[in-house]
Amino acid sequence: MWRQNFVFLPFHLMMIKKLEDIVFGNNEKQNLAITIPPRAGKSTIVKYFIAWTYAINRNCNNIYTSYSDKLIQKFSGEIKDLIDTELYKELFKMDLKKDTQSKSLWNIESGGSLVASAMGGTITGFGAGGLKDYYSGAVSIDD
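> Kindly report on the environment of methionine 119, identifying the contributing residues and their values.
Checked against the element boundaries, methionine 119 lands in the loop between strand 3 (113-118) and strand 4 (139-141). In this structure, the C-alpha to C-alpha distance between methionine 119 and threonine 65, residues 54 residues apart in sequence, is 6.4 Å. Those residues in contact with methionine 119, other than ones at most four positions away along the chain, are Thr65, Ser66, Tyr67 and Ile141.

Now the structure itself:
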């Protein structure tokens with residue numbers, strides 16, 4: 001199957017910088033709306049961002065949501081697969097919990113988690129982030 005390579009453009013680097021600023025506490029506000037056209041790379045950037053946040057804080061809790069359950073399952077699965085690669089494990093010395101099979105709810109061995117649900121789905125009772133002095137997760141709403 002032919003697959004186009006991702007091409008970084010200047011606005012992608014701006015997105016990454018803004019996301020890093022949130023994680024490292026360099027933003028005055030702890031929220032960010034990325035409004036660029038569909039197919040411009042925001043989901044790809046956010047997917048890698050979420051995987052990266054576990055390298056920053058293994059105990060962070062993320063919620064990933066969108067209008068489409070198929071899209072949520074696809075992206076959550078891709079994030080999970082990324083974290084489960086040998087390279088990620090070697091670089092960040094972490095694993096997914098062995099009983100993690102679902103794409104809707106999975107856990108990092110050391111305590112972090114990701115809940116993925118379409119709009120209207122059930123995320124009640126699950127948390128993202130927290131009232132801490134350091135980055136502890138986020139809610140990502142995809143289009």
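Having seen the structure, we can now continue with the description.
> Tell me about the side chain of lysine 80, and please be specific about residues and values.
As for its placement among the helices and strands, lysine 80 is situated in helix 3 (residues 69-83). For the buried lysine 80, no salt bridge is present, and the opposite-charge side chain at shortest range is aspartate 81, 6.1 Å distant. In this structure lysine 80 touches Leu96, Thr100, Gln101, Ser102 and Trp106, once residues within four positions along its chain are discounted.

> Go over a nonpolar patch on the surface with me, naming the residues and quoting the values.
Together, Tyr67, Met119, Val139 and Ile141 make up an exposed nonpolar region whose accessible area comes to about 480 Å². Inspection of the secondary structure puts tyrosine 67 in the loop between strand 1 (61-66) and helix 3.

> Explain the nonpolar core to me, and be specific about the residues and the numbers.
By size, the foremost hydrophobic cluster in this structure holds 26 residues, and its most contacted members are Ile50, Tyr54, Ile83, Trp106 and Leu114. Counting only elements with at least two residues in this core, the list comes to helix 1 (10-23), helix 2 (42-56), helix 3 and strand 3. With six residues, helix 2 is the single largest residue contributor to this core.

> Tell me about the packing of helix 1 against helix 2, and name the residues and values.
It is the contact of helix 1 with helix 2, at a shortest axis distance of 11 Å, that shows an interaxial angle of 30°. In terms of orientation, helix 1 and helix 2 fall into the roughly parallel class. Here helix 1 runs over helix 2; the crossing is right-handed. Contacts from His12, Met15, Ile16, Leu19, Glu20 and Val23 of helix 1 reach helix 2 at Lys42, Ile45, Phe49, Trp52, Thr53 and Ile56.

> Can you break down the sheet that holds strand 2 (residues 105-107) residue by residue, with the values?
The four strands are arranged 2-3-1-4 in an open sheet whose pairing can be described as mixed. In this open sheet, the two strands that pair with only one neighbour each are strand 2 and strand 4. This sheet shows a mean twist of 15° between the axes of neighbouring strands, independent of strand direction. As paired strands, strand 1 and strand 4 are joined by three bridges and run parallel to one another. Opposite threonine 65, over in strand 4, you have isoleucine 141 as the bridge partner. On the sheet, helix 2 packs against strand 1, strand 2, strand 3 and strand 4 and is oriented at approximately 165° with respect to strand 1. Relative to strand 3, helix 3 is tilted by about 160°, and along the sheet it contacts strand 1, strand 2 and strand 3.

> Can you break down the pairing of strand 1 residue by residue, with the values?
Burial runs high along strand 1: five of the six residues are buried. With six bridges joining them, strand 1 and strand 3 adopt parallel strand pairing. Looking at the pairing, serine 66 lines up with alanine 118 of strand 3.

Conventions adopted
Residues numbered from 1 in each chain as written. Predicted model: local features only at pLDDT ≥ 70, side-chain atom pairs only at ≥ 80, totals over all residues. Heavy atoms only, no water. Helix = DSSP H or I, 4+ residues; strand = E, 2+ residues; numbered from the N terminus. Contact = heavy atoms within 4.5 Å. Buried < 20%, exposed > 50% of the residue type's maximum accessible area, 1.4 Å probe, protein only. Lys, Arg positive; Asp, Glu negative; His and termini not counted. Salt bridge = Lys/Arg side-chain N within 4 Å of Asp/Glu carboxyl O. Patch = residues over 30% accessible without salt bridge, like charges linked within 9 Å, V, L, I, M, F, W, Y side chains within 5 Å. Areas by Shrake-Rupley, 256 points an atom, 1.4 Å probe, with all protein chains shown as cover. Core = buried A, V, L, I, M, F, W, Y, C linked by side-chain atoms within 4.5 Å. Axes fitted to C-alpha atoms, helices over the stretch in contact; angles between N-to-C directions. Parallel < 35°, antiparallel > 145°, perpendicular 65-115°, else oblique. Left-handed = near helix turned anticlockwise from the far one by under 90°. Pairing = 2+ DSSP bridges.

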